[in-house]
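These are the residues of each chain, in order.
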Amino acid sequence: MAFDPDATGVIPRLPRLDGSDSPASGSSAEVTDGDDEEEPGTLPALRLPATLHIGSPPKPEGTKDTATKASKDSKGSKDAAPEPAADGAAAGTVPTKVAAPKVTAPKPAIPEATAPKAPGPKVTASEVAAPKETASKAPVPEAAASGVASPGVAVPKADVPKTAAPQAAAPTAAAPVARLSVEAPPESPAPAKARVQPATDPPAKTAINAPAKTPAEPPAKTPAKTPAKAPAKATGLGGRVGQLVRSAPTWLPALLTVEGLVMYILALRVAPGPLRGVNPADINGLGLIAALPASAFAAILIMLVSFFVTVAQSTDRKFLLLFQIAVITFALHGAGSLVASEPRFPTAYIHAGFVDFIGRTGETAINIDARMGWPGYFALFAFVTKAAGITDMTTILQWTPLLTNLLYLLPFVLILRQVVATTRARWFAALLFVLVQWIGQDYFSPQGFTFALYLAFVAILLRWFGRVEPRTKPIAPKGLRKLLGRLDAMTPGEIANTGTFRADRLLMLMMLLALFFAATASHQITPFMMLGVLTAFLIFKRTKLTWALPFFLGLAVLAWISYETVGFWAGQINAIFGGLGRILTNLQTNTGDRIAGSDPAHALVLQARLGILAVILLLAAVGLLRRLRRGVFDRAALILLCVPVLALGLQSYGGEIGLRIYMFALPGACLLAAYAFFPNLPADSADVREETVPIRKRNVRFNPELTRKLSVVLAACFAVLFAGAFLVARYGNEKFERVTTGEVAAMHYIYAHDKPSAKVLYLTAKEGPEVTPTLPWGEKDIELVNFNGQALVYKDPTQIAKAVATLKASPRNTYLAVSTGQISYLQLNEGFPEDWGARFRAALDASPDVKKVFSNSDAALYTWKKFVKGTEIPDPQPYKGRGDPTSPWTPVGLAALALTWASMFGYEVIRLNGPNRAVRARRVLLWVSIPAFAVAVAVIIERFIYIASKN
């Protein structure tokens, strides 16, 4: 059977066998797939009468025999169709009458399903006594005579005599596809009665006896001769070409995808030339897009077109669609890796240094860097690299952005499988997630890793612990409660999963806890996002878990901060909690401060990022409204969109909290934005008959076939626009985020001369703790090299006095680093002149106080020219701290933590059996966990106050 283009492709909707979908006698109904237009390639609906009578013509209505027979039929089958009127029966009689031998019907092994209650003309036939080999010439219903054979009755059109039966009036109800089986009582010469069975039953191995062939009948043609001529016509070249053209929708999208992929790789990797190759010198304020050849844009367009060609087809080709999205992800998120000669993004190198340090020493050092207080991600890769014998992480750093984005697709696709949406909506949401994810946190970092954990956390919540229950309470007559009640009474936008085994739920609960603990030990923000989503799901009744779990997880986060990161927050209480509640200040730090004072071309990059944000939020609002008009309330998608916004009330997070909020809000935003184009319900849902009908009926309704085509075209246009904007937004900082071979060589020179220690000064236009060096820094020897020195520079490149004074005031073996990345950053973000770098290096070369110890076209290192006698290189700062400070109540707090976690976990595990299982045991565990939780929290607060006052 043909699939609906908007169907999920899993379970096509079939008419019910109990007759609930069938209209009453005399009414009309239609079995539909949810679309108003007729799908090409589908067979016409087979309309069969509910009962076929083979035997003598029925007696007039009202006679004793007829009444007795009707009574017996009603007792034998509860769903037997009612007897039609006498005139309808007479219209279907067959005048021929032949004596039939006694037939004993075997008892069926499988119970026969009765026919749906659909009206239809009663067709009678004479008793037959034909040999078995002439069974194919029996009179058949009109639907079979017209050339449409039902399963179980294979009768060619040519074998049906023209005078078998008059043509009955077409029934108004489209009956389900059925097959015929002959039912005859044993030891009885009574005429056999045909019964209609649904197509889902096994085919009955029963032949229908037909009247013997008379001399007046024309000779029957063999049905096998007609199909035998078709292959002969297809053997020619024209037939093969036509067959290939007709099958183009099957192979053309895959061919276009592979062609676009090969074309894109060649466009970026070959030597620069006409319409091909990338010249790094062409990268300007717009970023990498200024250096991409035209063939690269053509390849991306081919990939997008092939994706929408596949989506527009009538089948859900999951593997091909997933492959196409993976290829588009490679083209967009792998462009930097294809072009760059060294791993891009300077901060990735310091993370590699953390991995190197943990692998060498087996310890963490929070006094070296605060990020070492959350060492889970670095410890994981230290174990992997050491076990695999990897000493050079260049390849890992190079391809981590691409691999991370491919990893995001797996849990996000699982999230999409748990929503009530069409195939087009789901796959377009996955494509949007790839196109608008320009944040750039996918490099080798804990944030990129824990975001994948966050998506997996949400997918498990929806898949194994989702809750969808219909509203049973009456809606309030007025006020806000009426609005909330109407929203609650709408069709849920999530799929309810039933039949999950308790062992599966227990395993997934353990996985849920493991994901949360891994995120807690690896990143500062991600566990709060997980906790917020879980709490919102509980508030809006979208999970079967209990309130014990968020208290359990929240206590785990507080305990990690209080006991494991004390070396970080002991002297920085104001820095941690100073931004709480400053929503407007944090928002200004993340938006206005990043646009002011920028290069005019680079300002377009920042505006493109805000434009993508505005458009995706606008589409999400439109999609939410369109779903509401169809009576669907997508609570889960709305929660995923809104919960991350609450992080604005925490702190600015170094001016990047806005970027993190956007990234965590993307799953919900992309899903709702896809509904702006494809808001309909899937064809296999229970509300299929209302698929294209909003709550408020419009007086003028457009052609559904036309609107569906327009939706695909509009979605494709937006996808092309988003792809172009992505290249600007994602790679707009490429001029200073890319790392050159000369810069890496300069850092390696420092590592070779860092005994017993070294210090690096980097250039900055404003001194402050939130300025990050634009250098590939910290890849090696992070305990020996100090990268915290800042050299203040000005727009006048000849003003080097401040930088030289800072260098002279620093200890011996201090290096002033000048690199193309730092110079580009100052030009694009601080308005420095175009020739500032060359003139600044010339001024340093002419200075009598400094000397150049390393130089290439991309970087230069300067140090003291003359040293005072007796000046020695200082020893490195010890990375072992003085020990974590503690408080008098710490042992009590640890005991309370253990008791709280044990009791809450036991409560949650018992609750997996059901809300009414082991009520007394759960009550005991609850009464134990409440006071223990209070004591644990009190000790955590006491530690913050006591330790902060001592430092």
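Preceding block: the structure.
Peer 1: Quick question: what am I supposed to make of the overall build of the chain here?
Peer 2: Along the chain, the regular secondary structure elements total 33 helices and 11 strands. Buried positions account for 46% of the 951 residues belonging to the chain. For the chain, restricting intrachain contacts to residue pairs at least 6 apart in sequence, the fraction spanning at least 24 positions comes to 81%. For the chain, the computed accessible surface area is about 45,900 Å², with 63% contributed by carbon and sulfur atoms.

Peer 1: Sorry, what's going on with the sheet that holds strand 9 (residues 814-819) here?
Peer 2: The strand order across the open sheet built from five strands is 8-7-9-11-10, with neighbouring strands paired in mixed fashion. What marks the edges here is a single partner per strand, and that holds for strand 8 (785-792) and strand 10 (850-855). Shown here is a sheet whose adjacent strand axes are inclined to one another by a mean of 35°, direction ignored. Examined bridge by bridge, strand 9 and strand 11 (residues 859-864) share four bridges and lie antiparallel to one another. Within the sheet, the bridge partner assigned to Leu-816 lies in strand 11 and is Tyr-862. Taken strand by strand, helix 28 (residues 741-752) contacts strand 7 (758-764), strand 8, strand 9, strand 10 and strand 11, and its axis lies near 30° from that of strand 11. The sheet strands contacting helix 31 (residues 836-846) are strand 7, strand 9, strand 10 and strand 11, and the helix crosses strand 11 at an angle near 30°.

Peer 1: Teacher, can you tell me more about the packing of helix 24 (residues 635-642) against helix 25 (residues 657-675) here?
Peer 2: For any two helices packed against each other, one specifies the crossing angle of their axes together with the interaxial distance. One can describe the packing of helix 24 onto helix 25 by two numbers: an axis separation of 6 Å at closest approach and a directional angle of 140°. Considered as vectors, helix 24 and helix 25 are oriented oblique to each other. Read as a crossing pair, helix 24 and helix 25 show a hand that is left-handed. Residues Ala-637, Leu-638, Leu-640 and Leu-641 of helix 24 lie in contact with helix 25, whose contacting residues are Phe-664, Ala-665, Pro-667, Gly-668, Ala-669, Leu-671 and Leu-672.

Peer 1: What should I look at first to understand the nonpolar core in this one?
Peer 2: In a soluble, globular protein the nonpolar side chains are often hidden away together inside. Of all hydrophobic cores here, the largest spans 130 residues; its most connected members are Tyr-264, Phe-428 and Tyr-454. Here this core gets 15 residues from one element, more than from any other, and that element is helix 25. Among all residues touching Tyr-454, those that are not within four sequence positions of it are Thr-526, Met-529, Met-530, Val-533, Leu-640 and Phe-664. Within the second largest apolar cluster, 38 residues are counted, among which are Met-747, Tyr-751, Leu-784 and Phe-854.

Peer 1: What exactly am I supposed to notice about the packing of aromatic side chains here?
Peer 2: The description of an aromatic ring pair uses the distance of the two centres, along with the angle that the planes make with each other. Counted according to the given criterion, the structure contains 32 aromatic pairs. Each ring, one from Phe-677 and one from Phe-678, has its centre 6.5 Å from the other, and the planes form 45°; the classification is tilted. Phe-677 gets classed as buried once you look at its relative accessible area, which sits at 7%. Residue classification places Phe-678 among the buried residues on the basis of a relative accessible area of 6%. An aromatic cluster is defined as three or more aromatic residues linked by ring pairs; in this entry it consists of Phe-307, Phe-308, Phe-428, Phe-677, Phe-678, Phe-718 and Phe-722. Residue placement shows Arg-627 over the ring face of Tyr-675; its charged tip is 3.9 Å from the ring centre.

Peer 1: Help me understand a nonpolar patch on the surface, please; the structure alone is not making it clear to me.
Peer 2: A surface patch of nonpolar side chains, amounting to about 350 Å² of accessible area, comprises Leu-244, Trp-251, Leu-252 and Leu-255. Among the elements that take part in the nonpolar patch, helix 6 (residues 248-269) stands out by supplying three residues, more than any other. The residue Leu-255 is located in helix 6 in this model.

Peer 1: How do you make sense of the side chain of Ser-306 when you look at a structure like this?
Peer 2: Relative to the assigned elements, Ser-306 resides in helix 7 (residues 294-311). Residue classification places Ser-306 among the buried residues on the basis of a relative accessible area of 0%. At a separation of 2.7 Å, a polar atom in the side chain of Ser-306 contacts the main-chain carbonyl oxygen of Met-303. With residues up to four places along the chain from it excluded, the contact list for Ser-306 reads Pro-253, Leu-256, Thr-257 and Gln-324.

Peer 1: What is the right way to read the pairing of strand 11 from this model?
Peer 2: On any regular strand, side chains alternate: one points to one face of the sheet, the next to the other face. For strand 11, the buried fraction is high: six of the six residues fall into the buried class. Note: strand 10 against strand 11, five bridges, orientation antiparallel. Of the residues in strand 11, the one forming a bridge with Val-850 is Trp-864. Hairpin geometry of strand 10 and strand 11 is characterised by an intervening segment of three residues between the two adjacent antiparallel strands.

Peer 1: Just checking my understanding: could you explain the environment of Phe-354 for this structure?
Peer 2: For Phe-354, the position within the fold is in helix 10 (residues 347-361). Judged by its relative accessible area of 1%, Phe-354 falls in the buried class. Note: C-alpha distance between Phe-354 and Asp-369 (15 residues apart in sequence) is 9.2 Å. Residues within four places of Phe-354 in sequence aside, it is in contact with Asp-369, Arg-371, Met-372, Phe-378 and Ile-782.

What counts, and at which threshold
- Residues numbered from 1 in each chain as written.
- Predicted model: local features only at pLDDT ≥ 70, side-chain atom pairs only at ≥ 80, totals over all residues.
- Heavy atoms only, no water.
- Helix = DSSP H or I, 4+ residues; strand = E, 2+ residues; numbered from the N terminus.
- Buried < 20%, exposed > 50% of the residue type's maximum accessible area, 1.4 Å probe, protein only.
- Contact = heavy atoms within 4.5 Å.
- Areas by Shrake-Rupley, 256 points an atom, 1.4 Å probe, with all protein chains shown as cover.
- Pairing = 2+ DSSP bridges.
- Axes fitted to C-alpha atoms, helices over the stretch in contact; angles between N-to-C directions.
- Parallel < 35°, antiparallel > 145°, perpendicular 65-115°, else oblique.
- Left-handed = near helix turned anticlockwise from the far one by under 90°.
- Core = buried A, V, L, I, M, F, W, Y, C linked by side-chain atoms within 4.5 Å.
- Phe/Tyr/Trp six-rings, centres within 6.5 Å; stacked < 30°, edge-to-face > 60°.
- Lys NZ or Arg CZ within 6 Å of the ring centre and 35° of its normal.
- Patch = residues over 30% accessible without salt bridge, like charges linked within 9 Å, V, L, I, M, F, W, Y side chains within 5 Å.
- Salt bridge = Lys/Arg side-chain N within 4 Å of Asp/Glu carboxyl O.
- Polar contact = N/O pair within 3.5 Å; in protein donor to acceptor, adjacent residues only side chain to side chain.

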